[in-house]
Amino acid sequence: MSATNVSRIAIAAGVAASTVLLLAGPAAAHVSVQPQGEAAKGGYATLNFKVPNERDKASTVKVEVNFPADHPLSSVTPEAVPGWKIAITKGKLDKPLEVHGKKITEAVTKVTWTADGSKIAPGYFQQFPVSVGQLPEDADQLVFKAIQTYDNKEVVRWIEEPKGGEEPDSPAPVLKLTAATEDHHGGAADKADDDDSKSDHNADDQAASAEGDKKDTHAASSSSSDTTARTLGIIGILIGIAGVAFGVLAGRRRTA
């Protein structure tokens, strides 16, 4: 094989590789969802919807996230994002949910963020946090179909669900759920109560011990004071006797 042919093959391979990278780049930069920490089954979580701008000459001005109808969430609370207006859409449930002893007849079906003094410019992304719960216990993942609108009127629909392990051209954001915790709400509270009880018990023990030490110290102090007083009294008596004896002897010497 000549050097010229080798050079041509190398150039062709480089062009092909560059083409693959160029095609793969936009597909990778899609709307996604990630939890802050864990998203455990049956629990609550804060989700970040990450929206990148894929265009070179247009800015994102609207983002719509649709919540799963097959696993409705009783609580959906978006965090305020500076420069964006938030609209929450609710719908009636075919089957009411029971949460903490209360029946929920409607749930959030969509949250829409519309630019209000801010945009997602080319080369940037924006995160939209949402607190959600109670997450289902009978599902391994939740699919949130999203729609992204640019200021040139272009609309991109991120609504395709992944199938067969291959990522579609316009994949919907998918939230993976982790195993359920032992107690979704009460575990931490019960532990805190136990800790408080132990702390109170220890405090009582320490107070009792301190009181006992105080009594022992007082008793020891009193005993020491009594002993010192008795010693001083005996010394005083001895000094008095010695003085009297000295006086008698002095008198006899003078008489002699």
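Structure first, text after, so check above.
Residues numbered from 1 in each chain as written. Predicted model: local features only at pLDDT ≥ 70, side-chain atom pairs only at ≥ 80, totals over all residues. Heavy atoms only, no water.

(A) Up close: the pattern of salt bridges. Applying the stated criterion across every chain yields a total of five salt bridges. Across the pair Asp 140 and Lys 41 runs a salt bridge, and its minimum N-O distance is 2.7 Å. Of the two residues, Asp 140 is situated in the loop between β7 (125-133) and β8 (141-143) and Lys 41 in the loop between β1 (32-35) and β2 (45-52); the sequence distance between them amounts to 99 residues. Among the ionic pairs, Arg 55 bridges to Glu 154, the shortest N-O distance being 2.7 Å. Separated by 99 residues along the polypeptide, Arg 55 in the loop between β2 and β3 (60-66) and Glu 154 in the loop between β9 (145-150) and β10 (155-158) bring together distant segments of the chain. (Salt bridge = Lys/Arg side-chain N within 4 Å of Asp/Glu carboxyl O. Helix = DSSP H or I, 4+ residues; strand = E, 2+ residues; numbered from the N terminus.)

(B) Region of interest: the pairing of β3. Extensive coverage of β3 is indicated by the burial of five of its seven residues. With six bridges connecting them, β3 and β9 associate as antiparallel partners. Counterpart to Asn 66 in the pairing with β9 is Lys 145. Here five bridges tie β3 to strand β6 (residues 102-115), and the two strands are oriented antiparallel to one another. By the bridge assignment, Asn 66 is partnered in β6 with Lys 110. (Buried < 20%, exposed > 50% of the residue type's maximum accessible area, 1.4 Å probe, protein only. Pairing = 2+ DSSP bridges.)

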